[in-house]
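Analysis of the macromolecular model
Take a look at the letters that make up each chain.
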Amino acid sequence: MIVAWVYLSGNFSLTAKNLLSKQSRLFYITYFSLFSLIAILFPIQYQGITLCSFRAVGPILGGLFGGPYVGGTVSLLGGMFRMQAGSCLQYWRAIPPAFLGGVLAGLTRKYKFRVKNKLFLSVLLLAIYQLATLFLSWLRIGDFISWLETLPVQISAFLINLLGITVFLKVVEQISENKKQMIELEDLYNNLETQFEKGRKLHEQFLPSDLPELAKYSYSTYFQPAEKLGGDFYDLIKIKDQLIFYLADVSGHSLDGSMLNIFLRETINNYLLYQHSIEPRLSPSNLIEYIIDRYQQESFPDDYFICLLLGVLDLEEQRITFANAGFQVPPIIAKMQGEVTTLSCGGMPISSAINEEAYLGSNVLNYQEEEVYFKRSEVLLMTTDGLIEEISSQKNIRYGEQRLQEVLAKNYYLPPDLIKAEITADFKSFSGQEKGQDDITFLILKNKLPIIDQFERTINSSCQEMYQIQEELREFIVPYCNEAFTLIWIGFQELISNAIEHGNCLDEDKQVEIKVEINEKYIKASIKDEGVGFDWQKQLNQELNLEHDLRSGRERGRGIKIAKKLYDEVWYNETGNQVNFLKYREKIR
């Protein structure tokens with residue numbers, strides 16, 4: 001039972017290391033005094049005769065861990081326990097040896113001995129304790145023969161006390177080692193978390209934030225990493241009358257993946273800055289060969305690779321040229337009436353495992369370019385394999401290219417932002433969550449229908465200015481929608497009011513941008529404020545119930561609900577400070 005106490009309580013002795021000096025002493029005095037009390041209450045007996053107890057363990061360990069004050073105090077308290085338990089003052093003779101052992105042990109504490117040194121020291125201290133006990137016993141008995149008869153008991157006490165100290169010190173050593181390993185593991189984990197956070201921020205910083213504006217084309221991008229660090233990357237770069245766009249899927253989702261993406265972006269930017277000036281038209285295959293050449297010069301491991309799908313759009317001739325370096329999913333194009341086709345262009349991924357001679361000398365590895373005319377209202381979709389390779393945990397089926405093509409065919413006529421929303425919503429209904437088992441990255445590019453007419457105004461955050469543009473909007477929209485303007489204006493009014501009140505917080509120094517475009521299919525409008533945005537998905541999914549909202553006094557979100565009823569489509573940008581909505585012209589008439 002004593003050994004069990006020593007073993008189970010060993011862990012608690014370490015907690016005093018975290019306490020202040022005075023608190024630590026008090027803790028050790030209380031803790032090791034319990035050793036003496038337990039030793040007195042549960043001595044080792046044989047046939048009713050007390051052979052020995054652990055009463056020397058408390059003072060010595062108290063001194064080793066807490067210093068001479070602790071060792072001495074524990075010995076005095078232990079002696080008092082002994083005298084009280086024995087109901088006899090003669091037990092005072094047990095106090096001096098214990099006091100001597102505790103104080104001597106405490107004096108060695110400043111040397112910070114290791115466990116094996118403490119064991120050796122404990123032997124000496126116990127020997128001193130037992131010699132002192134024998135000397136006091138000799139003085140008490142006075143008869144040599146009778147004194148010799150006590151030697152077996154004293155020797156057994158010495159061995160038992162040594163066993164108790166040994167068990168305790170070994171337990172403390174093991175617990176200390178375990179805690180040290182836990183601290184090391186925790187430090188390692190925190191270091192990894194720090195590195196992951198740095199890599200994530202680095203990756204986010206290198207994701208494009210200032211994408212080019214295009215007059216005749218519109219696009220939308222989507223990036224959802226499966227882990228804290230993604231391995232996908234995308235970019236769009238406009239140079240004169242050409243648009244370069246690409247998706248990349250690199251090996252790994254750690255810092256190495258981020259570094260590969262940084263290498264890829266810097267290499268492409270370097271080519272466009274210095275090499276492209278000698279080419280009249282940009283060639284995707286030449287750019288990939290340049291990337292391979294630079295990649296081979298670096299010391300990337302053989303198990304690293306880059307899969308790259310690169311396209312160049314001639315903005316005037318409406319022609320796209322593709323080159324593929326190991327990308328699994330081919331480009332998908334949705335034509336008029338929702339007809340969907342894929343482009344067949346292949347090539348090996350970029351890797352140092354494939355030497356330069358193999359890249360340049362093998363017909364299999366040559367990067368053939370594919371060219372396609374990108375006509376009005378057509379939509380291009382490029383995606384990494386994370387989307388189509390997703391497996392439903394409930395149905396155990398793959399999302400697949402066919403399902404993606406069906407979503408695109410059903411929504412091809414919508415703006416890219418809405419097509420993106422439809423794809424992500426379909427993916428969420430399939431998998432049950434927004435994140436996939438792999439990174440999900442895709443790019444949607446659309447050759448816009450010709451704009452028949454457009455309206456742009458910027459107003460201050462004032463309801464008066466909002467009502468001033470009402471007549472201007474009427475004159476602009478009525479020729480294209482006949483009698484539906486009253487309903488359209490109600491939606492405008494609600495959404496502009498939201499921008500003024502909730503977005504700009506009624507600050508008249510902040511402005512609201514209003515844009516309206518008319519094409520042959522629909523009227524598309526946007527209202528943008530200077531606010532920080534909000535969680536629009538939650539509001540957008542709520543149903544309109546005016547009677548309930550008025551009765552409950554809840555008016556927030558009412559504008560969005562009304563807009564959903566009045567317009568065919570309503571959506572926000574990622575920040576939540578720009579609302580977009582459209583009305584199909586054929587439905588208005």
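Below is a summary of the structure that appears in this document.

What counts and how
- Residues numbered from 1 in each chain as written.
- Predicted model: local features only at pLDDT ≥ 70, side-chain atom pairs only at ≥ 80, totals over all residues.
- Heavy atoms only, no water.
- Helix = DSSP H or I, 4+ residues; strand = E, 2+ residues; numbered from the N terminus.
- Buried < 20%, exposed > 50% of the residue type's maximum accessible area, 1.4 Å probe, protein only.
- Contact = heavy atoms within 4.5 Å.
- Areas by Shrake-Rupley, 256 points an atom, 1.4 Å probe, with all protein chains shown as cover.
- Core = buried A, V, L, I, M, F, W, Y, C linked by side-chain atoms within 4.5 Å.
- Phe/Tyr/Trp six-rings, centres within 6.5 Å; stacked < 30°, edge-to-face > 60°.
- Patch = residues over 30% accessible without salt bridge, like charges linked within 9 Å, V, L, I, M, F, W, Y side chains within 5 Å.
- Salt bridge = Lys/Arg side-chain N within 4 Å of Asp/Glu carboxyl O.
- Lys, Arg positive; Asp, Glu negative; His and termini not counted.
- Charge placed at Lys NZ, Arg CZ, Asp CG, Glu CD.
- Axes fitted to C-alpha atoms, helices over the stretch in contact; angles between N-to-C directions.
- Parallel < 35°, antiparallel > 145°, perpendicular 65-115°, else oblique.
- Left-handed = near helix turned anticlockwise from the far one by under 90°.
- Nonpolar A, V, L, I, M, F, W, Y, C, P; charged D, E, K, R; others polar.
- Pairing = 2+ DSSP bridges.
- Polar contact = N/O pair within 3.5 Å; in protein donor to acceptor, adjacent residues only side chain to side chain.

Once that is clear, we can look at the overall build of the chain. When helices and strands are tallied, the chain shows 21 helices and 17 strands. Expressed as a percentage of its 589 residues, the buried residues of the chain come to 48%. Put simply, 69% of the contacts in the chain that link residues at least 6 apart link residues at least 24 apart. Accessible surface computed for the chain: about 30400 Å², of which carbon and sulfur atoms make up 53%.

Residues Phe 245, Ile 306, Leu 308, Leu 313, Phe 322, Leu 380 and Leu 445 are the most contacted members of the largest nonpolar core, which totals 56 residues. If sequence neighbours within four positions are ignored, Leu 380 has contacts with Phe 245, Ile 320, Phe 322, Pro 331, Ile 332, Ile 333, Phe 374, Leu 443, Ile 444 and Leu 445. Judged by nonpolar contacts, the second largest core, of 31 residues, contains Ile 469, Ile 477, Ala 525 and Phe 581.

Attention shifts here to the packing of aromatic side chains. Counting across every chain of the model gives 17 aromatic pairs. The interplanar angle of 55° and the centroid separation of 6.0 Å between the aromatic rings of Tyr 399 and Phe 427 together place this pair among those described as tilted. A residue pair is termed long-range when its members are at least 10 positions apart, and Tyr 399 in the loop between α12 (385–388) and α13 (400–411) and Phe 427 in helix α14 (residues 416–431) qualify at 28 residues. One exposure class covers both Tyr 399 and Phe 427, and it is buried. What links up through ring pairs into an aromatic cluster is the set Phe 263, Tyr 295, Phe 300 and Tyr 304.

Its place among the elements puts Val 407 in helix α13. On the accessibility criterion, Val 407 (11% relative accessible area) is buried. As a C-alpha pair, Val 407 and Ile 423 span 16 residues in sequence and 6.6 Å in three-dimensional space.

What follows concerns a negative patch on the surface. A cluster of like negative charges, contributed by Glu 177, Glu 184, Glu 186 and Asp 187, occupies part of the molecular surface. You can see Glu 184 is positioned in helix α8 (residues 151–206).

What follows concerns the packing of α13 against α14. Contact geometry of α13 with α14 gives a least axis separation of 10 Å together with a crossing angle of 140°. Considering their axes alone, α13 and α14 lie oblique with respect to each other. The hand of the α13/α14 crossing is right-handed. Between α13 and α14, the residues in contact are Arg 403, Leu 404, Val 407, Leu 408 and Asn 411 and Ile 419, Glu 422, Ile 423, Asp 426, Ser 429 and Phe 430, respectively. In terms of residue class, the contact of α13 with α14 is built from six nonpolar, two polar and three charged.

Right, let's get into unusual backbone geometry. Its identity as a non-glycine residue notwithstanding, Ser 377 has a phi of 70°, on the positive side. Within the element layout of this structure, Ser 377 appears in the loop between β10 (370–373) and β11 (379–383). Ser 377 gets classed as buried once you look at its relative accessible area, which sits at 5%. At Cys 505, a position not held by glycine, the phi torsion is positive, near 55°. Overall, the relative accessible area of 57% leaves Cys 505 in the exposed class.

Glancing now at the pairing of strand β16 (residues 569–572). Covered by surrounding structure in β16 are Glu 569 and Trp 571 together with Val 570 and Tyr 572, the residues of both alternating faces. The sheet contact formed by β16 and strand β17 (residues 578–584) spans four bridges and is antiparallel. Among the inter-strand pairings, Glu 569 is bridged to a residue of β17, identified as Leu 582. In sequence, β16 turns back onto β17 through a hairpin of five residues, with Gly 576 there showing a positive phi of about 95°.

Here Lys 565 lies in helix α20 (residues 558–566). Measuring from C-alpha to C-alpha, the distance between Lys 565 and Gly 491 comes to 8.9 Å, with 74 residues separating the pair along the chain.

This part is about the sheet that holds strand β12 (residues 440–447). Strand order in this open sheet of five strands is β3-β12-β11-β8-β9, and the pairing throughout is antiparallel. Looking at which strands have only one partner, the edges of the open sheet turn out to be β3 (217–224) and β9 (340–342). On average, each strand axis in the sheet is tilted by 15° relative to the strand beside it, whichever way the strands run. Note that strand β8 (residues 332–334) and β9 share three bridges and pair antiparallel. When the bridges of β9 are listed, Ile 333 appears paired with Thr 341.

As a further point, take the side chain of Ser 431. Position of Ser 431 among the secondary structure elements: in helix α14. A polar side-chain atom of Ser 431 sits 2.9 Å from the main-chain carbonyl oxygen of Gln 433.

Where side chains of opposite charge bring their charged atoms close, a pairing between them can arise. All chains considered together, the criterion is met by ten salt bridges. We note a salt bridge from Asp 314 to Arg 281, for which the minimum N-O separation is 2.5 Å. Taken as a pair, Asp 314 in strand β6 (residues 306–314) and Arg 281 in the loop between α9 (255–275) and α10 (284–297) lie far apart in primary sequence, 33 residues in all. The partner of Glu 389 in a salt bridge is Arg 398, and the shortest N-O contact between them spans 3.2 Å. Accessibility expressed as a relative area gives 30% for Glu 389, which makes it partly exposed. Among the charged side chains, a network of salt bridges with common partners joins Asp 241, Arg 281 and Asp 314.

On their own, these measurements won't tell you what the molecule is for.
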